[in-house]
There are 2 protein chains.
Amino acid sequence: MGLMRSWVESANSTGTDFPLNNLPCGAFAVGAGAHCGVAIGAMILDVTRLEADGRIEVEPGAPAVFSGGDWTAFMARGPAVWARLRAALTEMLAEGAPEAETLDAYLVPQAGVRMVLPFTVAEFTDFYAGKHHATNVGTMFRGAENALPANWLSIPIGYNGRASSVMVSGTGVTRPHGQLKGPEDTLPRFAPSARFDFELELGAVVGQPSCGMVSVAEADEMIFGYVLLNDWSARDIQAWEYQPLGPFQSKATATSISPWIVPKAALEPFRVGAPERERALLPYLREPGPMLYDIALEVGLVPEGGAETVIARTNYREMYYSSAQQLAHHTTSGCPMRVGDLMGSGTISGSEAGALGSLLELSWGGQTPLTLETGETRSFLLDGDTVILRGAAQGDGYRVGFGVCTGTILPAGDLPGWATE
Amino acid sequence: MGLMRSWVESANSTGTDFPLNNLPCGAFAVGAGAHCGVAIGAMILDVTRLEADGRIEVEPGAPAVFSGGDWTAFMARGPAVWARLRAALTEMLAEGAPEAETLDAYLVPQAGVRMVLPFTVAEFTDFYAGKHHATNVGTMFRGAENALPANWLSIPIGYNGRASSVMVSGTGVTRPHGQLKGPEDTLPRFAPSARFDFELELGAVVGQPSCGMVSVAEADEMIFGYVLLNDWSARDIQAWEYQPLGPFQSKATATSISPWIVPKAALEPFRVGAPERERALLPYLREPGPMLYDIALEVGLVPEGGAETVIARTNYREMYYSSAQQLAHHTTSGCPMRVGDLMGSGTISGSEAGALGSLLELSWGGQTPLTLETGETRSFLLDGDTVILRGAAQGDGYRVGFGVCTGTILPAGDLPGWATE
């Protein structure tokens, strides 16, 4: 399949992340509330207004789903409804569509709006499914001989994160305080993190609930779409706190996601299989077909007032476990899943030096600082640094992209009196 | 202060958990919805109906808070409103109150209703603040020399749990499946947990939001009340999965809470200080006064069709960290807290053999099975077993109790075809 042409001219440009083939779902601020929209080229089609005006009907006779200002109520309606709206919007926006003239009034330029969270995050789970990343971090935290945990080739291991800390791209990220204890220190001190980092991930948005175990195939049906996800991480807080209960405050400051959810349907042409398994998976984790996607990813770092350096280029196909496998595993205990659950893929690192999805790996724990195009060096993030994640699947003459997921580091606030001696 | 007498006679009995001094908050099913109520003796005062009929006004001129059928909207109004309603209800229910006659119609017998979750759980965090428990479990999982983690005396360590799995007392708990790998096995297998356990905890209900760091004193102000909490745990799943990211599916099957939230105000007379610190706490964790409570706790185990054996008796004052300290630590990273967040205290074990809050400790990992009054033995829970948690603070001639938190183990379902070879 090639580019699907639209009467929205900017959607036919080779430079856009948002051709008619994509139609990602987002939400933008309107007064004190928000409207839902789909991106098309440089514009947003306002689906909240379309629904209010009776120009689209998500499900005949059912109550409005877009009045709440995010995609949660729509997702709850299920895959048949998702497909129906996608087909309707594709037809309305296609080149030569008779609606073109009257739909112009429902288009809003992306440049003029403030995006908000596209769905209500029920709970957030973060996984650890990149083998290169797990090996690299394990080597630094536990030594080369204990790098890959014994369970890693059997379990898509993960931990529960903090949904309240999920924020939309563009929101500032305040450097956290925490307990820090270096290898030489006898006691911890309370101070701003000095090893604050990003993690390049993809997030899967769960659009259907479950109660009891689901198969990998069923899990895949439950996924509505994907976002770019930056799992901001304080490495010094993490190193001291994470044994034996896992990461907690080191990962609770912020998790940024792209404002656009790329629907699973738009990624179908880009499915790829997982790497060969070194250990046979248990039956409940086996894939019914290719479950990963060929999505090129990159990370840009922009010092305050400086130019951007692309510090990593990698691909989502590097993962060992897919989101569907992670979701199936998530349900094995009987854990109920809900509409709006968000699952981070785990950091996506490739096998090469320029393909690493965190500064921890890129600077090898600070031992080999990166040199940026401005001539500055970086081991971890400095105040004023902006991190930009980008991702896109490349089609024949078009691409299905995620836009950007950005965040700028704001300085840690002064400690209140009660937190100092 | 002694017993506060009520015109509801059963509230003056020495046997009740619910004298006028308590007034715990719960919710009970009414048709397809639920009403909020406070327990008084053997009865429930229906506050949803009282509000609807204009007999109570939570905040002059503000919209109704009890129509939603749980306490979340009320909690969001804050401590001044909590105190105001408590004062009003105390007056209305006191012996000799002029309202007695007309309020009779708002009383519902507890025996006749089905209780539901008393609030909407935003997120669930479970801590590990019992030193005896941490030492015991650490010894079994990592050996005596590595029992207490290095960070334990500095950090109230915790992990994020799964809010979707929180259920009200009385709900059946289905034995989970999971990956199990014994020390002798080379590879894991997928099977029902054979080491399914309970954990005796107290849960703190966060009634006010925060954005940024709060002090221990501020954290205490944010807590609305406490529930009994059973953090069901699959020890065999836990042992294989928990490194390095912490417990995940082993704790995601179910977390049961008592239907009654005992308000912090009712527990004020029972405040006690924490044990002496072996290591000075960092300033942000220091207590402004006594932060724990003298609450006697016990665990009963009832085999299917058999009699109950009380298998543990302990006290909440055994904890090393209070809920307020845990909450203050939770905010250090900037993690936003929300109305309805639930924080488990960690397993409450005392120092003696009969004071251990889990079967893992009581049977020492299965090595010394318990003998029940029926003559049967238990290392871990069997299908049909019911676990009953109880807790109460003892006053002079009265007690402030939590009622019970119970759950019965249901057999694991058959594995679906796709999960077997």
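Since the model is a prediction, treat every value here as computed from it, not as a measurement. (Residues numbered from 1 in each chain as written. Chains lettered and ligands numbered in written order. Predicted model: local features only at pLDDT ≥ 70, side-chain atom pairs only at ≥ 80, totals over all residues. Heavy atoms only, no water.)

Participant: How would you explain the relation of the copies chain A and chain B if you had to name every residue and give the values?
Facilitator: Superposition of chain A onto chain B requires a rotation of 180° combined with a translation of 0.0 Å along the rotation axis, giving an RMSD of 0.0 Å. Expressed as an axis order, the relation between the two copies is that of a two-fold axis. By C-alpha distance to the rotation axis, the residue of chain A lying nearest is Gly246 of chain A, at 2.1 Å. An overlap of 100% is found between the interface residues of chain A and their copies at the interface of chain B, pointing to a shared contact surface. (Least-squares fit on C-alpha atoms with pLDDT ≥ 70 in both. Contact = heavy atoms within 4.5 Å.)

Participant: Kindly report on the packing of aromatic side chains, identifying the contributing residues and their values.
Facilitator: Residue and element names in this part refer to chain A. What the rule picks out here adds up to 34 aromatic pairs over all chains. The interplanar angle of 80° and the centroid separation of 5.5 Å between the aromatic rings of Phe141 and Tyr242 together place this pair among those described as edge-to-face. Of the two residues, Phe141 sits in helix H5 (residues 131-142) while Tyr242 sits in the loop between helix H7 (235-241) and strand E16 (255-257), which places them 101 residues apart along the sequence. We classify Phe141 as partly exposed; its relative accessible area is 23%. Ring pairs connect the aromatic residues Phe66, Trp71, Phe74, Trp82 and Phe224, which therefore count as one cluster. Seen from the ring of Tyr320, Arg277 lies directly overhead, with NZ or CZ sitting 4.7 Å from the centre. (Phe/Tyr/Trp six-rings, centres within 6.5 Å; stacked < 30°, edge-to-face > 60°. Helix = DSSP H or I, 4+ residues; strand = E, 2+ residues; numbered from the N terminus. Buried < 20%, exposed > 50% of the residue type's maximum accessible area, 1.4 Å probe, protein only. Lys NZ or Arg CZ within 6 Å of the ring centre and 35° of its normal.)

Participant: Give me the domain arrangement of chain A: which residues, what numbers.
Facilitator: All names here are of chain A. For chain A, the assigned domains read domain 1 (9-116) and domain 2 (124-419). Domain 1 and domain 2 are separated by 29 Å when their C-alpha centres are compared. With 29 residues of domain 1 at the interface, the matching set in domain 2 holds 27 residues. Where domain 1 abuts domain 2, roughly 2000 Å² becomes buried across the two surfaces, and 66% of that area is made up of carbon and sulfur atoms. (Domains from an automatic or database assignment. Buried area = accessible area lost by both parts, 1.4 Å probe.)

Participant: An account of the UniProt feature "binding site: Mg(2+)" (unreviewed entry) in chain A is needed here, citing residue identities and associated values.
Facilitator: All names here are of chain A. Following the UniProt record, one finds the feature "binding site: Mg(2+)" (unreviewed entry) at Asp231, Lys251 and Thr255. A maximum C-alpha distance of 7.9 Å is found for the annotated residues, which run over 25 residues; spatially they form one tight group. Looking at the secondary structure, you find Lys251 in the loop between H7 and E16. Assessed through its relative accessible area of 7%, Lys251 is described here as buried. For Lys251, the residues in contact, after removing those within four places along its chain, are Tyr159, Ser165, Glu199, Asp231, Trp232, Ser233, Arg235 and Gln238. Here the side chain of Lys251 touches Asp231 through a polar contact of 3.0 Å, side chain to side chain. In contact with Thr255, not counting residues within four places along its chain, are Phe124, Ser165, Val166, Met167, Leu229, Asn230, Asp231 and Trp232. (UniProt positions renumbered as here; feature names shortened; annotations may be inferred. Polar contact = N/O pair within 3.5 Å; in protein donor to acceptor, adjacent residues only side chain to side chain.)

Participant: If you had to explain the pattern of salt bridges to someone new, which residues and values would you point to?
Facilitator: Tallied over the entire structure, the rule returns 42 salt bridges over all chains. A salt bridge links Arg399 of chain B to Asp17 of chain B; the nearest nitrogen and oxygen atoms lie 2.6 Å apart. A residue pair is termed long-range when its members are at least 10 positions apart, and Arg399 of chain B in strand E26 (residues 399-410) and Asp17 of chain B in the segment before strand E1 (25-30) qualify at 382 residues. For Arg399 of chain B, a relative accessible area of 24% corresponds to the partly exposed category. Here the salt bridges share partners, and the residues they tie into one network are Asp197, Glu199, Asp231, Arg235 and Lys251 of chain A. (Salt bridge = Lys/Arg side-chain N within 4 Å of Asp/Glu carboxyl O.)

Participant: Outline the sheet that holds strand E25 (residues 386-394) of chain A, listing residues and values.
Facilitator: The strand order across the open sheet built from five strands is E9-E26-E25-E20-E21 (chain A), with neighbouring strands paired in mixed fashion. Among the strands making up the open sheet, the edge pair consists of strand E9 (173-174) and strand E21 (309-315) of chain A. (Pairing = 2+ DSSP bridges.)

Participant: Outline the UniProt feature "active site" (unreviewed entry) in chain A, listing residues and values.
Facilitator: All names here are of chain A. UniProt records the feature "active site" (unreviewed entry) for His133 in the present numbering. Along the chain, the position of His133 falls in helix H5. Contact partners of His133, with chain neighbours within four places excluded, come to Tyr128, Glu199, Thr347, Ser349, Ser358 and Glu361.

Participant: So, helix H9 (residues 323-330) of chain B: which residues are in play, and what are the values?
Facilitator: Counting buried residues in H9 of chain B gives eight out of eight residues, a clear majority hidden from the surface. Considered for burial, the residues of H9 of chain B that qualify are Ser323, Ala324, Gln325, Gln326, Leu327, Ala328, His329 and His330 of chain B.

Participant: Tell me what's going on with the environment of Ile261 of chain A, and back it up with residues and numbers.
Facilitator: Residues and elements named next belong to chain A. In this fold, Ile261 is placed in the loop between E16 and strand E17 (262-263). Ile261 sits 56 residues away from Val205 along the chain, and the two C-alpha atoms are 7.9 Å apart. Once residues lying within four places of it in the same chain are set aside, the contact partners of Ile261 are Pro24, Cys25, Pro118, Phe119, Val205, Phe224, Gly225, Tyr226 and Val227.

Participant: Describe the interface of chain A and chain B, listing the residues and the values that go with them.
Facilitator: Opposite the 63 residues of chain A that make contact, chain B presents 63 residues. Scanning the region where chain A abuts chain B turns up four salt bridges. Residue Arg162 of chain A is joined to Glu123 of chain B by a salt bridge in which the shortest nitrogen-to-oxygen separation is 3.5 Å. Where chain A meets chain B, there are 30 residue pairs in polar contact (both at pLDDT 80 or more). Sorting elements by how many residues they give to the side of chain A that touches chain B places strand E7 (residues 158-160) of chain A first, with three residues. Of the residues assigned to the side of chain A that touches chain B, the class counts are 31 nonpolar, 21 polar and eleven charged. (Nonpolar A, V, L, I, M, F, W, Y, C, P; charged D, E, K, R; others polar.)

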